[in-house]
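# Analysis of the macromolecular model
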Amino acid sequence: MSSNPYIFEANDETFDSEVLKHPGAVLVDFWAEWCGPCKALAPVLDSLADEFKEKIKVVKVNVDESPNSPQQYKVRGIPTLVFFRNGQQVDQLVGNQPRDAIRGVIEKVVK
């Protein structure tokens, strides 16, 4: 798991408190241990979490350990990034996206 202090973990039990009750912007990374594209995306999320630490909370959810949260947000493939503002889903990116694409969505969401 990430050693980045700006990346948090959530599971089905803590999803509400970590994501939905968080005031402001949250980026949720739905991932799995066996997923190559998820691992490729991890350093990108690390650097974005650093860059936007004051503006967005980055939360990782392991879909194997927590199947309910991804189901709730209709996650079909991983990695899937779901963006929330004040507990409401506002955007979603599926697959290993380029850093600039993710950055662009973050900038929209944190406005």
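Reading guide: rules and limits
- Residues numbered from 1 in each chain as written.
- Predicted model: local features only at pLDDT ≥ 70, side-chain atom pairs only at ≥ 80, totals over all residues.
- Heavy atoms only, no water.
- Disulfide = S-S within 2.5 Å.
- Buried < 20%, exposed > 50% of the residue type's maximum accessible area, 1.4 Å probe, protein only.
- Patch = residues over 30% accessible without salt bridge, like charges linked within 9 Å, V, L, I, M, F, W, Y side chains within 5 Å.
- Areas by Shrake-Rupley, 256 points an atom, 1.4 Å probe, with all protein chains shown as cover.
- Salt bridge = Lys/Arg side-chain N within 4 Å of Asp/Glu carboxyl O.
- Lys, Arg positive; Asp, Glu negative; His and termini not counted.
- Charge placed at Lys NZ, Arg CZ, Asp CG, Glu CD.
- Helix = DSSP H or I, 4+ residues; strand = E, 2+ residues; numbered from the N terminus.

### Regarding the state of the cysteines
Covalent bonding between the sulfur atoms of two cysteines defines a disulfide. Counted according to the given criterion, the structure contains one disulfide. Sulfur-sulfur distance for the disulfide between Cys35 and Cys38 comes to 2.3 Å. On the sign convention where negative means left-handed, the S-S torsion of about 80 degrees between Cys35 and Cys38 marks this disulfide as right-handed. Cys38 matches Cys35 in its accessibility class, with the two residues each being buried.

### Details of a negative patch on the surface
A surface patch of negative charge is lined by Glu9, Glu33, Asp64 and Glu65. Asp64 sits in the partly exposed class, given a relative accessible area of 48%.

### Details of the pattern of salt bridges
Throughout the structure, instances matching the rule amount to seven salt bridges. Residue Glu18 is joined to Lys57 by a salt bridge in which the shortest nitrogen-to-oxygen separation is 2.8 Å. Taken together, the positions of Glu18 in helix H1 (residues 15-20) and Lys57 in strand E3 (residues 56-62) put the pair 39 residues apart, joining distant regions of the chain. Relative accessible area serves as the criterion here: at 12%, Lys57 is assigned to the buried category. Across the pair Lys60 and Asp29 runs a salt bridge, and its minimum N-O distance is 2.8 Å.

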